[in-house]
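# Per-entry structural report
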Amino acid sequence: MEVKIGVQNAQRELVLDTDSTPEDIEAHFAEALSSSGLLRLADTKGRAVVVPADKIAYVELGSPTASTVGFR
């Protein structure tokens, strides 16, 4: 699924594809906000995105990504 994270005072948003469920991402986000810590998410290529929770403007959760291989 595609996740977009808006960061305060940044012109561009962070965009990543992840295998996590929307519920899992929401849980990570809520935990980071409650502890004033870091939101840490991993993308499908194994890279990590770490954002200070107090600098997050918004999190947009997209639809699950479908396979892009083959014809329909």
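From a predicted model like this one, the values you see are computed outputs, not experimental measurements. (Residues numbered from 1 in each chain as written. Predicted model: local features only at pLDDT ≥ 70, side-chain atom pairs only at ≥ 80, totals over all residues. Heavy atoms only, no water.)

### Points about unusual backbone geometry
What counts, and what does not: Note on conventions: DSSP H or I runs of at least 4 residues are helices, E runs of at least 2 residues are strands, and numbering of each starts at the N terminus.
For Asn-9, which is not glycine, the phi torsion reads 60° and is therefore positive. With respect to the helices and strands, the residue Asn-9 is situated in the loop between strand S1 (2–7) and strand S2 (14–17).

### Overview of the side chain of Thr-18
Defined as follows: Residue exposure (1.4 Å probe, protein chains only): buried if accessible area is under 20% of the type maximum, exposed if over 50%, otherwise partly exposed. Under the rule applied, a polar contact is a pair of N or O atoms within 3.5 Å (in protein, one hydrogen donor and one hydrogen acceptor; residues adjacent in sequence only if both atoms are side-chain atoms). Any two residues whose heavy atoms approach within 4.5 Å at even a single point are treated as in contact.
Inspection of the secondary structure puts Thr-18 in the loop between S2 and helix H1 (22–35). Thr-18 sits in the buried class, given a relative accessible area of 4%. Engagement of the side chain of Thr-18 in a polar contact is seen with the backbone nitrogen of Ser-20, the distance being 3.3 Å. Those residues in contact with Thr-18 that lie beyond four places of it in its chain are Met-1, Val-3, Ile-25, Ala-42, Asp-43 and Thr-44.

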